[in-house]
Amino acid sequence: MSSPFPIGLLTVDSTTPAVLVLPGLVTRDEVPRLCDDLLARLTAVGGGVVVCDVAGIGPPGLAVVDALARLELTARRAGGRIRLRDPDPALRGLLALVGLRFETEGEPEEREPAGGVQEAVETGDAPL
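Only a predicted model underlies this, so the values are computations on that prediction, with no experimental measurement involved.

Right, let's talk about helix H2 (residues 62-77) for a bit. One turn of an α-helix holds 3.6 residues; hence residues three or four places apart share an orientation. Taking 1.5 Å per residue, 16 residues should reach 22 Å; H2 reaches 22 Å between its end C-alpha atoms and fits that length. Those residues of H2 that are buried are in contact with strand S1 (18-21), helix H1 (31-45), strand S2 (48-53), strand S3 (80-85) and helix H3 (89-98). Remark: Gly79 follows H2 within two positions and exhibits a positive phi of approximately 85°.

Shown next as structure tokens:
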């Protein structure tokens, strides 16, 4: 017995990304489960962005950096990416120290300035 398909387009709320909350203490043994959870969320929303809430992870260490790097790699392989929510300044510093860049929720994306736009005008500059 088969069920009929719904009529019309399916409704997907693209403005609210899926959220993965990281536990207080991230260990190496938990990383495969977190990656599976991430893949399930990416599949549910059809790719795109999954927000990783890192507010409750406590003091960051290399285990957290490793977990975030593996989560980002898993998301990229599935055609998506992760965005961090409420990262501690120490975590941001540690990620920058090891050379990892993550998009953070609430921050504007870094893009190149539009061509032909002059940011500041000095007195005596010739007009374009």
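Turning next to the sheet that holds S1. With respect to topology, four strands assemble into an open sheet ordered S1-S2-S3-S4, the strand pairing being parallel. Of all strands in the sheet, those bounded by a partner on one side alone are S1 and strand S4 (103-104). Note that S2 and S3 share six bridges and pair parallel. If you follow Val50 over to S3, its bridge partner there is Ile82. The sheet strands contacting H2 are S1, S2 and S3, and the helix crosses S3 at an angle near 145°.

Analysis parameters
Counting restarts for each chain, with residues numbered from 1 along the sequence as it is written. The predicted origin of the model limits local features to residues at a pLDDT of at least 70 and limits the giving and counting of side-chain atom pairs to 80 or more, whereas totals for whole chains, interfaces and linings rest on all residues. To obtain the side-chain values, all non-hydrogen atoms of the structure were used and water was disregarded. Here a strand is any run of E in DSSP of at least two residues, a helix any run of H or I of at least four, and the numbering for each starts at the N terminus. Multiplying 1.5 Å by the residue count of a helix minus one yields the expected span of that helix. Any pair of residues with heavy atoms lying within 4.5 Å of one another is described as a contacting pair. Two strands qualify as a pair provided that DSSP identifies no fewer than 2 bridges between them. Orientation is described by axes fitted as lines to C-alpha atoms, over the contacting stretch for helices, and by angles from 0 to 180 degrees between their N-to-C directions.

The values reported here are purely geometric and, on their own, carry no functional implication.
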